[in-house]
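Structural overview
Read off the chains here:
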Amino acid sequence: GGNRFAEYKTGEHSYEITPEIREKADQVARSRRVFVKRAMEFAWSGYEKYAFGQDEILPQTGQGDQNWGGQGITLVDSLDTLWLMGMKDEFFRGRDWVRDHLDHSRTGKVSVFETTIRDLGGLLSAYDFSRDKVFLEKALDLGARLLKAFDGSDTGIPFGQVSLRDGKAANIPWSGNNAIFSEFGTIQVENRYLSKLTHQPQFAQKTERVFEVLNEISPPDGLFPYYFQNSFRGDPKDVAKLKNGDKKPKFTNNKITFGAMGDSTYEYMLKIWLQGGKTEPMYREMWDKAIDSMHKELLHFSTPSGLAYIADLNGGSLNHKMDHLVCFMGGALALSAYTDPLGLDSPRAQRDLKTGKALTYTCYQMYARMNTGIAPEFVQFEEGRDFVIGRGAPHYLLRPEAFESFFILSQLTGDPAYAEWGWESFQSIEKYCKTHIAYGSISNVQDTNGKPRNKMESFFLAETLKYLYLVQDPDTEIDLLNKHVFNTEAHPLRIFSAVDKDGDAT
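Residues numbered from 1 in each chain as written. Predicted model: local features only at pLDDT ≥ 70, side-chain atom pairs only at ≥ 80, totals over all residues. Heavy atoms only, no water.

A look at the layout of surface pockets
Roughly 800 Å³ of volume is contained in the largest pocket. Among the elements of the structure, strand 3 (109-111), helix 4 (112-130), helix 6 (181-184), helix 9 (263-275), strand 14 (321-323), helix 13 (401-413) and helix 15 (459-470) are those that each provide at least two residues to the lining of the largest pocket. Looking at which element gives the most residues to the lining of the largest pocket, the answer is helix 4, with four residues. The class makeup of the residues in the lining of the largest pocket is 13 nonpolar, six polar and 17 charged. Its boundaries defined by the atoms lining it, the second largest pocket holds a volume of some 350 Å³. Lining of the second largest pocket is provided by 22 residues; of these, R22, D26, S410, V471 and P474 occupy positions nearest its centre. Broken down by secondary-structure element, the contributors of at least two residues to the lining of the second largest pocket are helix 1 (19-50), helix 13 and helix 14 (417-433). Ranked by the residues each element gives to the lining of the second largest pocket, the list is headed by helix 1, at eight residues. Partitioned by chemical class, the residues of the lining of the second largest pocket number eleven nonpolar, five polar and six charged. (1 Å grid on protein atoms, 1.4 Å probe; cavity = no way out; pocket = protein on both sides within 12 Å on 5 of 7 lines; lining within 4 Å. Points joined across faces, edges and corners; volume = space filled by probe spheres on them. Helix = DSSP H or I, 4+ residues; strand = E, 2+ residues; numbered from the N terminus. Nonpolar A, V, L, I, M, F, W, Y, C, P; charged D, E, K, R; others polar.)

Description of the environment of A358
Within the fold, A358 resides in helix 12 (residues 347-368). Considering only alpha carbons, one finds A358 and Y309, 49 residues apart in sequence, at a separation of 8.4 Å. Discounting residues that sit within four places of it in the chain, A358 has contacts with Y8, K9, T10, G11 and A308. (Contact = heavy atoms within 4.5 Å.)

Quick notes on helix 8 (residues 202-216)
Between its first and last C-alpha atoms helix 8 spans 21 Å; for 15 residues at 1.5 Å apiece the expected length is 21 Å, and the two agree. Of the positions making up helix 8, those classed as buried are F203, A204, T207, E208, R209, V210, F211, V213 and L214. Against the buried residues of helix 8 lie helix 5 (133-146), helix 6, helix 7 (188-198), strand 7 (227-229), helix 9 and helix 10 (281-298). (Expected span 1.5 Å × (residues − 1). Buried < 20%, exposed > 50% of the residue type's maximum accessible area, 1.4 Å probe, protein only.)

Brief notes about the environment of K271
Among the secondary structure elements, K271 is positioned in helix 9. Along the sequence, K271 and G11 sit 260 residues apart, while their C-alpha atoms lie 23 Å from each other. In this structure, K271 is in contact with V189, E404, V485, F486 and N487, ignoring residues within four places of it in sequence.

Considerations on the sheet that holds strand 7
Here three strands make up an open sheet; going across it, the order is 6-7-8 and the pairing antiparallel. Because the sheet does not close on itself, it has two edges, and the strands there are strand 6 (179-180) and strand 8 (250-251). (Pairing = 2+ DSSP bridges.)

Section: the pattern of salt bridges
Inspection of the entire model under this criterion finds 42 salt bridges. Residue K321 is joined to D312 by a salt bridge in which the shortest nitrogen-to-oxygen separation is 3.4 Å. For K321, a relative accessible area of 11% puts it in the buried group. E430 serves as the salt-bridge partner of K434, at 3.5 Å between the closest nitrogen and oxygen. With a relative accessible area of 23%, E430 lands in the partly exposed category. (Salt bridge = Lys/Arg side-chain N within 4 Å of Asp/Glu carboxyl O.)

Section: the environment of D352
Within the fold, D352 resides in helix 12. Residues D352 and T10, spaced 342 residues apart in sequence, show a C-alpha to C-alpha distance of 12 Å. Non-local contacts of D352, meaning those with residues more than four positions away in its chain, are made with I291, H295, L333, S336 and A337. A distance of 3.3 Å separates a polar atom in the side chain of D352 from a polar atom in the side chain of S336. (Polar contact = N/O pair within 3.5 Å; in protein donor to acceptor, adjacent residues only side chain to side chain.)

Looking at the sheet that holds strand 13 (residues 317-319)
Taken in spatial order, the three strands make up an open sheet running 9-12-13, and their pairing is antiparallel. Of all strands in the sheet, those with a lone pairing partner are strand 9 (255-256) and strand 13, marking the two edges. As paired strands, strand 12 (residues 312-314) and strand 13 are joined by three bridges and run antiparallel to one another. Residue pairing in the sheet places D312 in a bridge with N319 of strand 13. Set on the sheet, helix 10 makes contact with strand 9, strand 12 and strand 13; between it and strand 12 the angle comes to about 75°. (Axes fitted to C-alpha atoms, helices over the stretch in contact; angles between N-to-C directions.)

Examining the state of the cysteines
Here a disulfide denotes a covalent bond joining the sulfur atom of one cysteine to the sulfur atom of another. On inspection of all chains with the given rule, the structure shows one disulfide. Paired by a disulfide, C327 and C363 hold their sulfur atoms 2.0 Å apart. Because the sign of the S-S torsion sets the handedness, a value of about -100° for the bond joining C327 and C363 places this disulfide among the left-handed ones. Of this pair, C327 sits in the loop between strand 14 and helix 11 (328-338) while C363 sits in helix 12, placing them 36 residues apart in sequence. Exposure remark for C363: the relative accessible area of 2% places this residue in the buried category. The thiol sulfur of C433 is not disulfide-bonded, and the nearest other cysteine sulfur, from C327, lies at 16 Å. (Disulfide = S-S within 2.5 Å.)

Here we look at the pairing of strand 16 (residues 386-389)
With four bridges connecting them, strand 15 (residues 378-382) and strand 16 associate as antiparallel partners. Across the sheet, the residue bridging to V379 is I389, located in strand 16. Turn length for the strand 15-strand 16 hairpin, with the two strands adjacent in sequence and antiparallel, is three residues, and the turn residue G384 shows positive phi of about 80°.

Structure, rendered in structure tokens:
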């Protein structure tokens, strides 16, 4: 039920975590991670039995689905989860499939964003843990194919889709021929890493240019609308030029959000800076400007409980809704605070940490207050009611963002409450999303008698179960402050200084 752990809602609580409390909490967590691993073993065995090498497993009918063009997306997306859970036999069977069967030259049009974060990110992380060169070879081939999305754009902003087979690129039709902010700004961590490992600079150079363009055209508050015109082929109008001669992309809507279509580009402002060893100030400055403005313009509190949330801004009018996707911000703000150049004790860092904790508690309430204990796709905040399920959004797509923040705050603060929240949510997923084959999304988080849908996104194995496991794993090799940065699909990659220390770039 909801309203428990109420002392966490403001983000100001602070318990002293003694060594005795820590040890006891770690013992409990170790006993629980066994069950999360079993969930992964169960889902993976269903995939391996019925759909091995196919893009997805249909969890009710047991069929495979090649809805990603035959990239083995669930397999590639899951590899580092298998590794981190100690499922090495399954990992190496997956490696063999990648070596023998993964061929991107046969795949047609793909989303540049989704293929980068799931497929390229999955291959790079699998390499990072195993150091098996087959993953890096496949990543290099895929990266070169994806980079063709920049061809023909005269603004430095890539097109949203590209054919891996022939390199033809265009924007995604449903976007109204616009480039999408959350997509073109969420390919840098992966491409920079590919350049770092291979000493081929074009991947970093082209994708970093995107942020240079964004910085040059940034609104004063650092908050961007999510649709851009990124190519002026055939447009006779005179277009302002950027510093390097590129044409200037145009904003084509005025909706600002930290949810769908906006979210992960803000995330990458912080993570690119962390990846590079905090030596590239432009990215951190863009992040800090956006977060200052978020606090001033978008951060609000519900009635009667005072739950923190980040609203959308549409043409100057606030929409008091919050996507489940926004729940990544709790962890991102905590990571921002712990790495702030001004120091963790600075007013800015303490503000960010407080807001991150408060947002994460709101996301926990989005789960705990539902009949199933599972959060909907988005909630609407209403006067006197805190929040209600958003119109047309009672479903749960097996999303990970709340658990991402539980894990980050757990590792950074040492507070065992976040593992408790993760355990509650995991039990609800076990109860309401499990099929006889794997796990499926659900249609209504208030319906305790509903059946899972015949759909399991690859991110359930790549992200959701990974984060639910990591929040219960005090012995993990993952080190958020000194060694790893996660891409937006939960693929951990070493920061550049760690690669230099290990001396294994090719």
